[in-house]
Amino acid sequence: MSQPENRRLHFAYAWPVKNPSRSKRTPAAPPYPGAEPWKCSVYYYWWEYLRRHEGYRRTCEQNGVGTYAELYEDLGDVHATDFWSWWRKHNWIFAEPPIRQVEVAETNDQADDRTLIVKVPLDTKLAINVRQFKRLVGPKMKRANRAKMESRAKYPVATKPVLSSLHEHLSVWDAKQQNPDVADADLADLVGLRINHVVDGETLASRKALKLSTVDIERKLRRRKQLAVQRHLRIAEQYIANVGRGQFPLRDKR
């Protein structure tokens, strides 16, 4: 399915760009040092996680036939092209509806939590009307902006994304698929996982009087690495499962 109409799109979160200097938006924090600009977007990771979903992969291999046929109608074959080809074709499903314009109200129009209907005297100077409009509407718009407005995209971002975490979860998951026989603690070193190396106030580098033996510290650090990897795997599995339901990034537990 392609974009139904040619319109300028806007998104709830930073969208992928190739050249940040040409974009007016504030760049998102990169998922890791030196990341390509287009990876600084939750929508890039949406694509990446969906590529790890085995059920969706089978539907792609069957040209959209299978358990995930309905999702395939919107998201297409994420394995057939590179990210940019996919994004240009499917980006509209992540976009918010067009920005509404100020216009003359129709007879049957009604106010709601997103719309305020006002009377504007046409026999008053424009400058006076503008000042009065700001006094009347300004506070109401501030309250509306403070209130969390739900995304109206066809596929909204489920929770506020932390790109560095999305990258780390996926890196650990990929490493596990490529090295299934490697112990989880060793996988942490293989991925370069961030681990707090302080154990009971001591580290292996400390040359002061240790409260624990070097062996005890190594054992505790190894256990810490193992638990960290297992946590990343659990979260990645949840993200992968839920992206197959059209929800991302969404997890049920840590």
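Here the structure is a predicted model, which means the values were calculated and not measured.

**Details of the nonpolar core**
Logical step 1: Membership of the largest hydrophobic core comes to 46 residues, with the highest contact counts inside it found for Tyr49, Leu75, Phe94 and Phe248.
Logical step 2: Where this core is concerned, the elements lending two or more residues are helix H1 (42-51), helix H2 (54-61), helix H3 (69-75), helix H4 (83-90), helix H6 (163-178), helix H7 (184-191) and helix H8 (214-243).
Logical step 3: When neighbours within four sequence positions are excluded, Phe94 is seen to be in contact with Phe11, Tyr43, Trp46, Leu75, Trp86, Trp87, Ala153 and Tyr155.

**Quick word on the packing of H1 against H4**
The packing of two helices is summarised by the inter-axis angle and the distance between the axes.
Logical step 1: Orientation of H1 relative to H4, taken along the N-to-C sense of each, is 110°, at an axis distance of 11 Å. Taken together, H1 and H4 sit at an angle that is classed as roughly perpendicular. Across the interface between the two elements, Tyr43, Tyr44 and Trp47 of H1 pack against Phe83, Trp86 and Trp87 of H4.
Logical step 2: A per-class count over the contact of H1 with H4 returns 6 nonpolar, no polar and no charged.

**Section: the packing of aromatic side chains**
Logical step 1: Tallied over the entire structure, the rule returns 25 aromatic pairs.
Logical step 2: Aromatic pair Trp86 and Phe94: ring centres 6.0 Å apart, planes at 55°, arrangement tilted. You'll find Trp86 and Phe94 in the same group, each marked buried.
Logical step 3: Seen in terms of ring centroids, Trp87 and Phe94 are 5.9 Å apart; in terms of plane orientation they differ by 15°. Their pairing is stacked. When sorted by exposure, Trp87 lands in the same class as Phe94, which is buried.

**A look at a nonpolar patch on the surface**
Logical step 1: Side chains of Leu116, Val118, Val120, Leu122, Phe133 and Leu136 sit close together on the surface and give an oily, nonpolar patch of about 570 Å² of accessible area.
Logical step 2: Following the sequence through the fold, Leu116 ends up in the loop between H4 and helix H5 (126-146).
Logical step 3: Residue Leu116 is classed as partly exposed on the basis of its relative accessible area of 44%.

**Section: unusual backbone geometry**
Logical step 1: Residue Pro249 is bonded to the preceding Phe248 through a cis peptide linkage, with omega at -10°.
Logical step 2: Tracing the backbone shows Pro249 in the segment after H8.
Logical step 3: Positioned with a positive phi, Asn63 is a non-glycine residue whose angle comes to about 55°.
Logical step 4: Note on placement: Asn63 falls in the loop between H2 and H3.

**Describing the pattern of salt bridges**
Logical step 1: Tallying each qualifying case throughout the model produces 10 salt bridges.
Logical step 2: One salt bridge connects Glu36 with Lys39, and the closest N-O pair in it is separated by 3.4 Å.
Logical step 3: Accessibility expressed as a relative area gives 29% for Glu36, which makes it partly exposed.
Logical step 4: Residue Lys39 is classed as buried on the basis of its relative accessible area, which comes to 17%.

**Notes on the packing of H1 against H6**
Logical step 1: Running from amino to carboxyl end, H1 crosses H6 at an angle of 15°, the nearest separation of the two axes being 10 Å. The angle between the axes of H1 and H6 places the two elements in the roughly parallel class. Where H1 crosses over H6, the handedness of that crossing is left-handed. Residue-level inspection shows Val42, Tyr45, Glu48 and Tyr49 of H1 in contact with H6, the latter providing Leu163, Leu166, His167, His169 and Leu170.

**Observations concerning the side chain of Glu48**
Logical step 1: For Glu48, the location among the structural elements is in helix H1.
Logical step 2: At a separation of 2.4 Å, a polar atom in the side chain of Glu48 contacts the side chain of Arg52.

What counts, and at which threshold
- Residues numbered from 1 in each chain as written.
- Predicted model: local features only at pLDDT ≥ 70, side-chain atom pairs only at ≥ 80, totals over all residues.
- Heavy atoms only, no water.
- Core = buried A, V, L, I, M, F, W, Y, C linked by side-chain atoms within 4.5 Å.
- Buried < 20%, exposed > 50% of the residue type's maximum accessible area, 1.4 Å probe, protein only.
- Helix = DSSP H or I, 4+ residues; strand = E, 2+ residues; numbered from the N terminus.
- Contact = heavy atoms within 4.5 Å.
- Axes fitted to C-alpha atoms, helices over the stretch in contact; angles between N-to-C directions.
- Parallel < 35°, antiparallel > 145°, perpendicular 65-115°, else oblique.
- Nonpolar A, V, L, I, M, F, W, Y, C, P; charged D, E, K, R; others polar.
- Phe/Tyr/Trp six-rings, centres within 6.5 Å; stacked < 30°, edge-to-face > 60°.
- Patch = residues over 30% accessible without salt bridge, like charges linked within 9 Å, V, L, I, M, F, W, Y side chains within 5 Å.
- Areas by Shrake-Rupley, 256 points an atom, 1.4 Å probe, with all protein chains shown as cover.
- Salt bridge = Lys/Arg side-chain N within 4 Å of Asp/Glu carboxyl O.
- Left-handed = near helix turned anticlockwise from the far one by under 90°.
- Polar contact = N/O pair within 3.5 Å; in protein donor to acceptor, adjacent residues only side chain to side chain.

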